[in-house]
Amino acid sequence: MQQDLQNSDCIVIEGSNMAECHPVGFQWVMEAKARGATVIHVDPRYTRTSALADLHVPLRAGSDIAFLGGIINYTLSNDKDFREYVASYTNAATLINEDFADTEDLDGLFSGFNPEERSYDPHTWQYRGTEIQAASGQRDELYEDRQQMSSVRHSGRGEAHGSGGAHVGTPELDPTLQHPRCVFQILKRHYARYTPELVEQVCGVPRDTFRRVCELITSNSGRDRTTAFVYSVGWTQHTVGVQYIRTAAVLQALLGNIGRPGGGIMALRGHASIQGSTDIPTLFNLLPGYIPMPHAHANEDLDAFVAAEGTDKGYWGDMRAYLVSLLKAYWGPAATPENDFCFDYLPRLTGSHSTYETVMAQLAGDCKGYFLLGENPAVGSANGKLQRLGLAALDWLVVRDFSLIESATFWQDGPEIDSGELRTEDIGTEVFFMPAAAHTEKSGSFTNTQRLLQWHHMAVEPAGDARSELWFMYHLGRKLREKLAGSADPMDRPLLDLTWDYPTFGETAEPEAEAVLAEINGFDGNGDPLASYEQLNEDGSTACGCWIYCGVYADGTNQASRRKPAKEQNWIANEWGWAWPANRRILYNRASADPDGKPWSERKALVWWDEQQALWTGHDIADFTADKSPHYRPPDGATKAEALSGIDPFVMQADGKAWLYVPSGLLDGPLPTHYEPQDSPFPNLLYKQQRNPVRQVDPFKHPNNRMHPSPGQPGSDVFPYVATTYRLTEHHTAGGMSRWVPYLAELQPDFFCEVSPELAAERGLDHLGWATIATARNVIEARVLVTSRITPLTVQGRTLHQVGIPYHWGWTGYSTGDPANDLAGISLDPNSHIQETKAFACDIRPGRRPTGPDRPALVLEYQRRAGITEQTGTEI
Amino acid sequence: MSQSDVTREGLRGKRPDRDATTGVNLPRRWRGKHRAERPVVPPAEFTSYYGKPIINSPVWESPDIPGYLFLGGLAGGCSLLAAGSDLTGRGVLARVTKSGAFAAGALSVVALVHDLGRPGRFLNMMRVFKVTSPMSVGSWLLGGYVPAAGVAAASALTGRARWAGAAATAGAALLAPGVASYTAALISDTAVPAWHDAYPEMPFKFTGSGMMAAGGLGLLTRLLPGAGPGETEPARNLALIGWAMESAAMERMQHRIGLSAEPYSEGRGGRYVKAGKVLGALGAAGAALSGRSRIAAAAGGAALLAASAATRWGIFHAGLASAGDPKYTVVPQRQRLNERARANGAADGQDRA
Amino acid sequence: MSANGERAVTWLPEIRTRGLRSALSGPALSGGADPADLSGYPDHPPRMGFFTDTSVCIGCKACEVACKEWNHVPEDGLNLLGMSYDNTGGLGADTWRHVAFIEQRKPVAMQDAGVSHAGVALPPDGSGTPPEQAAMTPTTPGGPADQLRWLMASDVCKHCTHAACLDVCPTGALIRTEFGTVVVQEDVCNGCGYCIPACPYGVIDQRKGDGRAWKCTLCYDRISDGMEPACAKACPTNSIQFGPLDELRERADRRVTELLAAGVADAQLYGRDPGDGVGGDGAFFLLLDEPEVYGLPPDPVVTTRDLPSMWRHVGAAAAVMAGGAVAAFAATIFGGRR
């Protein structure tokens, strides 16, 4: 929770440029500084965040796991961990299968790797004596074990927050943490080689500086002090992005910084309601509330699904109630126990259908129509050229935005038109542009960073033909249903049976946003609003559009629109807006108290057990069963929430513990391991395995998505520098909301790149002059800012120069420039399917790029010089 | 470590203001290292913000404003000659100078109005009278002077309304010194270093320049029939007095104000000033010889007029130059501060340049 | 003439008092004097102003945008200036808030920037070098190659106690409000441009194509309704603080003492001293380096301080001129040649 940063003793901002990209939230970092907190900024560039930090640590883009792993090693080898917390609240004591093999044993691979499928079989990763389901991610992995049925290819499960729970038996523990097979010892061995010397070699961070960071973090963690981590897409946009964040989670759990005031890991979301778009997802593999989307298993019915994806223990034990209530919200009366509550109406996954796979499907002609709602992939997504070629292969395209963004005009003025690779008359895509209403022109909720729902009311009617997304979706559905009315085709039932009856108002027939919120919150049998997800039933007597949002419309009042001023309540501000789950602001906050329920420290009290009232009380709402005593131990055979003991703070986890080690749920291993980025000028110093072996790169082989040679291979020196993309305060993502706004455009009027004076001298770049930046995908041009804020690093004994490239620009709008994402290749994190745009090798030369056919010619020239083929860089 | 605690009762030790400080919340033992590293920045000549000027340059344009300065002086001088000529019965000189006074005065108003961003609102000048604004004072002065000069000229040229003409001539002559000199206060009353720092001499330069110009115009009457040396003798005298005064004031100013005077001897402004000096000397010589030769008189008169104009253009451009370069603003102010600091005896944190 | 020139009524008495006072005695540089008092407001609210604490500025430029949005200040073109992240350049008719960015080889207290640029030659004039003449973003030289600090500061009209722009305005378009701030009446200004070179800070300027002079109003319309100015409202870190000037000065004094004690050696208040050349600024600053580094004059003086002396010199020169004329004729009489 951002305003809880004010209670931190130390704040580490890494993989984020908080002051520039979240300036309003940054006020809480300033508040913490004012009270004496130390602020550390770890980032390749000295940014406006660094300017306000006590310590700026420049590191090589794409080396954060080595850096954080080094801190873990320092913590463990110097006994700096918060042992009592670790022993009680993490799975450190849990024993792991004998046949699990670590990357230390297999030189960069975990046991269970299948080279043909480029995937892991996670069975060997399991807890000994049990088989545990994940609290997040890939819960279909174990489907076959749980249902003797035929399997289909796994799909990614991006941010799925799945069910967790042991099916048989309970895990074996060694409370002394000495057993060689216990998580704690495995962790120690795994990071033993992540020494300050290695960090210096891999990250380019001098060992003394690194030791300072270690000292600051560990001395500001433990019983009486807390350190917070802040990250953004600087961590997520890598082929090992999920594991970046996992590394921080492991460290924070070891230091006892989770669930406590001033602690935690602050995930700053990229823009408005991105959190909301995963809660009530725009993702292909999730249903609302992180219920997984079913796979196309033969004859999978509701029971089979819940049995496979659900669990016995923890709050996911009630998945059936959550899912049935969702189906009732979707299909109302049509959903009956007899027809499995229309479970079969749900689409089934036949594989991964992430945005990048969709681009390949467009190119293959499988995907014929596309909706773009507030998205500008022609500029904002990796490998803009491939994106544009995909759009050009569509039959129809609907673009809803404020202005004619590049994704709506590529067919007449795109770079490929200029280069002759596309001809307008050959493009068959029929483009429908629909002006969108701004947030001030519609009512609705934002769910932002910290899971906080805040309601915004329509201030003015949208101008002209502009309409809200809600209007568009509702009336599109209404019209489709009218067209299908009376159809006997069972295929049309899911659409015709939908409860599609929202009240509308005004000349434009704008749907009542609060009616949708009420449906998301849910109703009981009498149609009265529900107050908590604990009221949801499996028998279809309740309807709820998103179980984690249940309570946002409690008492029939819009809790998200609460606006009680900060002065009138404590810093937790439980009466400002509404946060899921159950308006709890700091997750797992039971961990702020010791096993007996007393605050670990009287200067870090958040929630505690009140013996008199026999209740959990405190500043925040306890993220725990309110009346479950710390001394409660579950009886044998207990299930669901009852199966969690009074010392299991991590209530969404099957075992109620923080997972230092992830036995299942991740596609790329139970422990974060340093791999080099897809396109890296450096070999992996730690293992023979260069890159994440299960990264998604194979499905994206395409002449316009070539990868760079591995270090040491001939031609690998053609791209000697490391580029990283980023945002500026003055602009917004792909520019649709800023490049057309003169007041913003004039503040950063030109696309530029930032380089060090040393690189400028090496390549003959002039301040304010032009530079051409090249990768195997494309070449772009940018004005040059030569600045001391970019510093050369010494990595593996040689000087590394990094190039900073903001990605806001495109060729239309008031302020124009080349899209930085045209340089990025498509290679994805296997868990989240997020592209690697925060670290890739490149070349830079003075002068403007060629135009017309000479532009692709220059790209081919680079590919030839680097000896790049279809196979290059795609090896395991 | 944070100074505030999250107690069971709530936050303790919060800060009233959000006074964050960077670079201090670090272990004391690191301090030594950094203290040693604290840089001693060598005193540069002067520093500025990317070489950008500190003050905004006047938006006044040439020829409007330098012309306005020149014409005001000319008019003032002419009205004085005109009055004297009436008293001493110099009809030709009187007619010429009365016409000159009105033409110059009227033209100066035209130039002023033309330079306004909103000429249509010229009359707003008359909404108030502000002694703090030389332009306001000047507007009222011209408001009285130009009509008077007009009546004087009309009467002289038509031979009608002699009493009114005489009264108007007297009135114009009374206002004339003000008309010729207030523009000095006008440009000095700015933050433009070359103008402001020169304020003690500027009025004498301006009146001298005005006398010089009017005298020059007077000498030109030698070209008219019936104008002998005696007719233009007062003009010659006035021109010589004005020239001497203008040159002396310029010399004194350039020696007194140091760096701020640089633009008067460099660049565009410097070239105009030099030209003014040369023309002035030639004009003075011509005036001195005007008794003997009407050619010399005419040439001298023309040179004196040109000299006066050149000086005004020089002063104008010198001002723009001194506004456009931050050093003219920063260096003298920094010196002032350092002297003050030295006077206070202590390095009070100011004395670092 | 503007449609409602009669708003003039509200300021006419004010100008008179202010005007005569300066004329007879020169501006009261004693300081302390409340400009609203000097301007003859019988009873008025406390003097309001800005304290801009640049040590907590994050350079987000929200103040620039909020100001332009609220006051409908025109956008003034796309120019990549190469002055670090400053693409605005400076205050003017179309920029009433300006955020300066300066990169320096100096630490803030013990801050460790982590950079290293040994052997990189910096331009001798450092951050005073025009970018087009520099091979890199101009950076103040002299410090160690492993130190860097990035100064950010939001500049604005100073609303001087003794405001030259107001003094020299011949039309009375510039007025002193009851809050002690200085505002241009756009329906009165005739664009004579006198206020522009009169301002010692280079704040007020003429809008091209419009002809009139424009500058910060300290959101006269907002504060009249009890709201804070748009820039202060938008500032996420309280770098821009708005309030009664007396309170702001106390807070600033506390703050600078605290910073100096903490080892931020260059910290200094600018425009806070009522004894300075403009009688103190209504909008003053906490800077981390000398004013000129930020493009501010180190020792500004209101030009009208010298106006009484100027008038005396003008009077003398006028008298000499009259005398010269008399002499010119006298010489012809006593010179006797006829």
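All chains use their own residue numbering, which begins from 1 and follows the written sequence. Chains and ligands are labelled sequentially in the order written, the chains with letters from A and the ligands with numbers from 1. This being a predicted model, a pLDDT of at least 70 is required before a residue's local features are given, and a value of 80 or more before pairs of side-chain atoms are given or counted; all residues contribute to the totals for chains, interfaces and linings. To get the side-chain values, take all heavy atoms of the structure and skip hydrogens and water.

Engineer: Let's hear about the overall build of chain A: which residues, and what values?
Structural biologist: We count a stretch as a helix when DSSP gives it H or I for four or more residues in a row; a strand needs E for two or more, and each element gets its number in order from the N terminus. Check the secondary structure of chain A and you find 26 helices and 27 strands. Just to be clear, the radius of gyration here is over C-alpha atoms, and the globule rule we use is 2.2 Å times residues to the power 0.38. Taken over C-alpha atoms, the radius of gyration comes to 26 Å for chain A, in line with the 29 Å a tight globule of 876 residues would show. If you line up chain A on its principal axes, its C-alpha atoms span 75 × 70 × 60 Å. Only protein chains enter the accessibility calculation, which uses a 1.4 Å probe. A residue is then buried if its area is under 20% of the maximum for its type, exposed if over 50%, and partly exposed in between. Here chain A holds 876 residues, and 67% of them are scored as buried. By the convention used here, residues are in contact when the closest approach between their heavy atoms is within 4.5 Å. Considering only contacts within chain A whose residues lie at least 6 apart along the sequence, 72% involve residues at least 24 apart. To measure how exposed things are, a 1.4 Å probe is used in the Shrake-Rupley method; for residues, cover is taken only from the protein chains shown. Approximately 28,000 Å² of chain A is accessible, and the part contributed by carbon and sulfur atoms is 53%. For the purpose of charge, His is not counted, nor are the chain termini; Lys and Arg are scored as positive and Asp and Glu as negative. Charged groups are reduced to one reference atom each: NZ for lysine, CZ for arginine, CG for aspartic acid, CD for glutamic acid. Looking at charge distribution, chain A has the averaged site of its 75 positive side-chain charges lying 5 Å from that of its 112 negative ones.

Engineer: For the pairing of strand S14 (residues 452-456) of chain A, give the residues involved together with the corresponding values.
Structural biologist: Residues and elements named next belong to chain A. For S14, the tally of buried residues reaches four of five residues, placing the bulk of the element in the interior. Pairs of strands are assigned from DSSP output, requiring at least two bridges between the strands. Across five bridges, strand S13 (residues 444-448) lies against S14 in antiparallel orientation. Looking at the pairing, glycine 444 lines up with histidine 456 of S14. Connecting S13 to the antiparallel partner S14 that follows it, the hairpin turn spans three residues, and glutamine 450 within it adopts a positive phi of roughly 70°. Bridging between S14 and strand S17 (residues 578-579) involves two bridges; their strand directions are antiparallel. For leucine 453, the partnering residue across the bridge sits in S17 and is tryptophan 578.

Engineer: Give a detailed account of the sheet that holds strand S1 (residues 10-14) of chain A, specifying residues and quantitative values.
Structural biologist: Residue and element names in this part refer to chain A. Reading across from one edge, S3-S2-S1-S6-S7 is the order of the five strands in this open sheet, with parallel pairing throughout. Each edge of the open sheet is held by one strand with a lone partner, namely strand S3 (55-57) and strand S7 (265-267). Averaged over all neighbouring strand pairs, the angle between strand axes comes to 20°, with direction disregarded. In the sheet, S1 pairs with strand S2 (residues 38-42) via five bridges, with the strands oriented parallel. Looking across to S2, one finds that isoleucine 11 is bridged to valine 39. Only the stretch in contact is used when a helix axis is fitted, and all axes are lines through C-alpha atoms; the angle between N-to-C directions ranges over 0 to 180 degrees. The strands touched by helix H2 (residues 26-34) within the sheet are S1 and S2, with S1 carrying the most contacts at an inclination of about 145°. Packing against the sheet, helix H4 (residues 64-77) makes contact with S1, S2, S3 and strand S6 (227-231), and its axis sits at approximately 155° to S1.

Engineer: Which residues make up the environment of aspartate 266 of chain C, and what are the values?
Structural biologist: Residues and elements named next belong to chain C. In this fold, aspartate 266 is placed in the loop between helix H8 (245-262) and strand S10 (268-270). Distance from aspartate 266 to glutamate 290, taken between C-alpha atoms, is 7.8 Å for residues 24 residues apart in sequence. Counted as a polar contact is a pair of N or O atoms within 3.5 Å, where, for protein atoms, one must be capable of donating a hydrogen and the other of accepting one, and residues adjacent in sequence contribute only when both atoms are in side chains. Polar contacts involving the side chain of aspartate 266 include one to the side chain of arginine 149, which spans 3.3 Å.

Engineer: Which residues make up the pairing of strand S9 (residues 240-244) of chain C, and what values go with them?
Structural biologist: Side chains on a regular strand alternate between the two faces of the sheet. All names here are of chain C. Judged by how many residues are buried, S9 sits mostly within the fold: four of five residues are covered. In the sheet, strand S1 (residues 48-53) pairs with S9 via five bridges, with the strands oriented antiparallel. Considered in S9, the bridge of phenylalanine 50 is made with phenylalanine 242.

Engineer: Hey, could you go over helix H10 (residues 267-288) of chain B for me, with residue numbers and the actual values?
Structural biologist: Within an α-helix, residues lying three or four positions from one another point in the same direction, as the helix has 3.6 residues per turn. All names here are of chain B. Multiplying one less than the number of residues by 1.5 Å gives the expected span of a helix. Counted at 1.5 Å a residue, the expected span for H10 with its 22 residues is 32 Å, and the 32 Å between its end C-alpha atoms agrees. Taken together, the buried positions of H10 are Gly269, Gly270, Val273, Gly276, Gly280, Gly283, Ala284, Gly286 and Ala287. Buried residues along H10 sit in contact with helix H7 (202-220), helix H8 (229-256), helix H9 (262-265) and helix H11 (294-324).

Engineer: So what's going on with the interface of chain A and chain C? Which residues, and what values?
Structural biologist: Opposite the 51 residues of chain A that make contact, chain C presents 49 residues. Note on definitions: buried area is the accessible-area loss of two parts on being combined, 1.4 Å probe, summed for both. Contact between chain A and chain C buries roughly 3,800 Å² in total, counting both sides, with carbon and sulfur atoms accounting for 60%. What makes a salt bridge here is a side-chain nitrogen of Lys or Arg within 4 Å of a carboxyl oxygen of Asp or Glu, nothing more. Across the chain A-chain C interface, the total number found is four salt bridges. For glutamate 730 of chain A, the salt bridge is made with lysine 61 of chain C, and the minimal N-O distance between the two is 2.9 Å. The interface formed by chain A and chain C holds 27 residue pairs in polar contact (both at pLDDT 80 or more) in total. Counting residues per element, the ones that place at least two in the side of chain A that touches chain C are helix H1 (18-21), H2, helix H3 (48-51), S3, helix H24 (742-745), strand S21 (752-755), helix H25 (757-763) and strand S23 (779-786) of chain A. Looking at which element gives the most residues to the side of chain A that touches chain C, the answer is H24 of chain A, with four residues.

Bear in mind that shape data such as this cannot, by itself, settle questions of function.
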